[in-house]
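As a plain string of letters, each chain reads:
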Amino acid sequence: MSVTASVGPISGIDYGSLINGLISLDQQPIDQLSTRLGNLTNQQNALTDLSTQMTALKISAANFTSSSIFRSAAATSANPNVVTATAGVGTPTGTYSFNVQRLASASQMVTQGFANTTTALGLSGNIVMQLGGGVLNDPAKLTQLNGGSGVARGSIRLTDASGASTIVDLSHAVDINDVVNAINSSGTTSVLASVDGDHLKLTDSSGGTGSLAVTNVGGTTTASDLGLTGASSGGVLTGASLTKMNGATSLDSLNDGLGVRNAGILSDFSIATGSATIPVSLNGAKTVGDVIAKINSLGQSSGITAAISADGNGITLTDQNGGPVTVSALNGSMAAADLGIQGTSAGGTLAGDRITSSLEGPLLKNLNGGNQGQSGEVTPIPGTITINSTTVDLSAARSLDDVIQAINNSGAGVTAALDNAGTGLTLSSNAPSFSVADGSGNLASFLHISGTSTSSATGSALSSGDLHLAYASQNTLLSNLNGGSGVTTGQVRFTDGNGKALTLDFTGNTVNTLGDVISKINSAGLALSARINDTGDGILLTQTGGTLAATVQDIGTGTMAQNLGLSGTFSANQMNGSQQKTIAIASTDTLNDVAKKINDAGVGVAASVLNDGSGGTPYRLSLSSRNSGQAGRLVFDGSAAGLNMTTLVQGQDAVMIYGGNANGTGGLLATNHTNTFTGLVPSLAVTLTGVGNSTITVNNDPSKITDAVQTFVDNYNKVISTIATDTAFNAQDQTQNGILFGNSTVQQLQNAMGQFIARSFSGVGSFRTITAMGITVNQDGTLSLDTSALSQVLATNPDDVRNFFTTNTKAVAADLTTNPPTAAQPAVEGFGATLSDMVTRYTDAQVGILFTASDAITNQETQLKKQQTDLATLLVAKRNRLTQQFANLESTIAGLKNQGTALNSLTATTSSSKS
């Protein structure tokens, strides 16, 4: 039988209590092990806390291992209503003047009015939006003129034919339109300024008999740089060309800022003549002069020479042997096309196409997405077009402005202008209809104006629609995309059509442009190809194999793919990262619906509905760019959906003059798409708050040093206090001692910290101990800082204070080869380096003394846990054995009882028989 309860059913003995009593004696060693384990765990936690506090002390030491905090500065504005500033490490002390001309503004637009916000508008069609790029009327910046030499800031004097004279201040002008507006608003002379091709044109309407004249003022060269010095002929003064390039012209400034794309270390193109073929690599070329020098150095033996063309707008190649000259692209490079020299000459001279930007509007070759190397691309062929029966000569047209002026001067009765959105061309006439067709070239069809006009109550018109100006290329910086917000690089996972997945890391200094992104994708070994899209405003990804739909996704919290418009699943084997967004409007949409669709599109535009308080149609759709400046300028075309926009605020850059006089003359004119400027003064961030003048004074900021020293003192005291608590000794009750009482490692640390504080430093200057820094040691071992004493030594001897904290020189061996021999120089460590070494010795994650002590405790814990497990196993076996023994005893007692009963029964039977 077995014992199933703590009391035997036969004997009535409490076996459970007996077993527990016997086992309890053997349980004591296990309980003792548990107590020891608990103590070790507490010691481990205490060492961990101490290590954490030592790590904080190491961070404090880092402040003293370089001179950064000793170069901290504070900036104070004389007029915070105009400008504020924040100084950083290394900002030079001094006073800086700023003249704020205008603040950065964000684009704001409103639509026509509607009766309410909840009724279907009955409008349908697409609205198109983008930020920053795509407009066709960007005026040239003055800094870009004259081949990048720019225009000197200053004033010009105008004298009209009647003798009236005025001085026009152009010191604040940023672009060519600013110059035109300043002249036209000067008031006292009868002179009208306009842009005429690559020139400024002044027209005199005074009726006087003299000559219109322009001169420099005050020793500046502003008038000369604008090409306007001289006298008029017939009341009109046409200035010199302002777009000519020179040898110093940056390649990145060519082609409307799209630059020149090259193949890196490979050859970009070949130049072939009847006698030789030479390959040319533009690797390392930064300027037009670099390109010409490379070609001329390679072409000497074959008679090929390169030079800037006579009009200054292109490059000319000449074969001294009579030609013809053929330039062919190599290695997929677009450099020859971008330089305008790809093709074959009719004779010995190859006259390159125009590559300099115009004063107003883009080059024709950059319309319709520009030259992206795609198959079937249509390029502009200048020639003639016909408007009704009038032939318009566009053979010399290279820019859209050339086309507009030629049409308007043709006498065809048609006016050419940009459309309301600024992204296309509109031809209009008072006549009921007109037609446009290609002549000897293809410009009518290329500009999408070939056809017959549509009639209206006021005449007729013909619109090109969006001409898709290319504003993204392989050279485009990622920081310039998304309306100036830029693209934050990160990790992106690509999965191609074969199911192959690969995560590409775009972080680091090697990924700065769209070309860098494209190159990394194309070299990844995936069945994907990347290039600039056909509209020239983003990256196009194409599947090159597999049957699955490829995908792109950001990794973790990264947003790079999303910022590039390349996140999600491919459609029709492609993913287009166009910066331009199209939103479909249905006839059932309300004004609130339209606002929501725009906000959901993630274009960087905030849409809302406002009530202007007018009569029957007070509700308008209001659009505001989330980014300020030209980079965040909102380009909106809602004409297809019947939404007519009025611009309330034009997105423009902040303009500020750094240095110069209080009236804004002299100094450096700077622009920025936000109101915060960096880079003008090292480590100084300047924020514009209003228009006007102000100065910023930068002084040394010793408070950063005081704060750093106080932080060290606080962290040191935490370690000392923790050690005191953990190693405390209780004479009355030794069971209440600190958890690390008697721990040799902690005692060693305590001694090391005391020795460090008492140390005298040599070779670091006039100060040798921490007491010179205003630090004293208290009786309990903690430190106190006298900030007044520290401030005094900082004021009187800042260099020696810096040397005391930051000196860290390596040992130099003796050099016996010199005469006389150079003596050996020992290593010299100041306060910061010595503190860092001491803390590292204890906190190093591999060989640190605290780490080693903690590791030893861990090993003890492992051994004790094994002993505890082994004893527990033996105890269980003993309990089972005792239980079985008592069960056997109970069975024996039961058997004896049965035998007694049987004997009693037999005795009773025998007695009965005798009777």
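For the structure itself, consult the block above.
What comes next concerns the included structure. Fair warning: this is a prediction, and the values are worked out from it, not measured in the lab. (Residues numbered from 1 in each chain as written. Predicted model: local features only at pLDDT ≥ 70, side-chain atom pairs only at ≥ 80, totals over all residues. Heavy atoms only, no water.)

A closer look at the nonpolar core
One recurring pattern in soluble globular proteins: nonpolar side chains tend to sit buried together.
For step 1, the next point in the chain: Of all hydrophobic cores here, the largest spans 47 residues; its most connected members are Met54, Phe712, Met753, Phe804, Phe805, Phe831 and Leu835.
For step 2, the next point in the chain: Mapped onto this core, the elements with two or more residues apiece are helix H1 (15-62), helix H11 (703-726), helix H12 (744-757), strand S46 (783-785), helix H13 (787-796), helix H14 (798-806), helix H15 (831-843) and helix H16 (849-914).
For step 3, the next point in the chain: Here the element with the most residues in this core is H11; it accounts for 9 residues.
For step 4, the next point in the chain: For Phe712, the residues in contact, after removing those within four places along its chain, are Leu57, Ser60, Phe64, Phe756, Ile757, Ile775, Leu783, Phe831 and Leu835.
For step 5, the next point in the chain: Residues Val511, Ile518, Leu528 and Ala550 belong to the second largest nonpolar core, which totals 28 residues. (Core = buried A, V, L, I, M, F, W, Y, C linked by side-chain atoms within 4.5 Å. Buried < 20%, exposed > 50% of the residue type's maximum accessible area, 1.4 Å probe, protein only. Helix = DSSP H or I, 4+ residues; strand = E, 2+ residues; numbered from the N terminus. Contact = heavy atoms within 4.5 Å.)

Digging into the sheet that holds strand S18 (residues 343-344)
For step 1, the next point in the chain: The strand order across the open sheet formed by 4 strands is S14-S13-S17-S18, and the pairing between neighbours is antiparallel. The sheet is open, and its two borders are formed by strand S14 (277-280) and S18, each paired with just one other strand.
For step 2, the next point in the chain: Sheet topology places strand S17 (residues 326-329) next to S18; 2 bridges connect them, and they run antiparallel. Bridging from a neighbouring strand, Val327 pairs with Gly343 of S18.
For step 3, the next point in the chain: Strands strand S13 (269-272) and S14 of the sheet are contacted by helix H4 (residues 288-299), whose axis makes an angle of about 145° with S14. (Pairing = 2+ DSSP bridges. Axes fitted to C-alpha atoms, helices over the stretch in contact; angles between N-to-C directions.)

Considerations on H4
For step 1, the next point in the chain: Here H4 spans 16 Å end to end across 12 residues, near enough to the 16 Å set by a 1.5 Å rise per residue.
For step 2, the next point in the chain: Of the residues making up H4, those classed as buried are Val288, Val291, Ile292, Ile295 and Gly299. Burial along H4 is one-sided: seen end-on, the buried residues are contained in an arc of 95°.
For step 3, the next point in the chain: Of the surrounding elements, those touching the buried residues of H4 are S13, S14, strand S15 (304-308) and strand S16 (315-319). (Expected span 1.5 Å × (residues − 1). Arc of directions from axis to C-beta.)

Some thoughts on the sheet that holds strand S43 (residues 684-688)
Consider a sheet: its strands pair through backbone hydrogen bonds, and that pairing is either parallel or antiparallel.
For step 1, the next point in the chain: Judged by pairing direction, the sheet is antiparallel, and its 3 strands sit side by side in the order S2-S43-S42 without closing on themselves. For this open sheet the edge positions go to strand S2 (83-87) and strand S42 (676-677), each flanked by a neighbour on one side alone.
For step 2, the next point in the chain: Pairing geometry for S2 and S43, over 5 bridges, is antiparallel. Residue pairing across strands places Val83 opposite Leu688, the latter belonging to S43.

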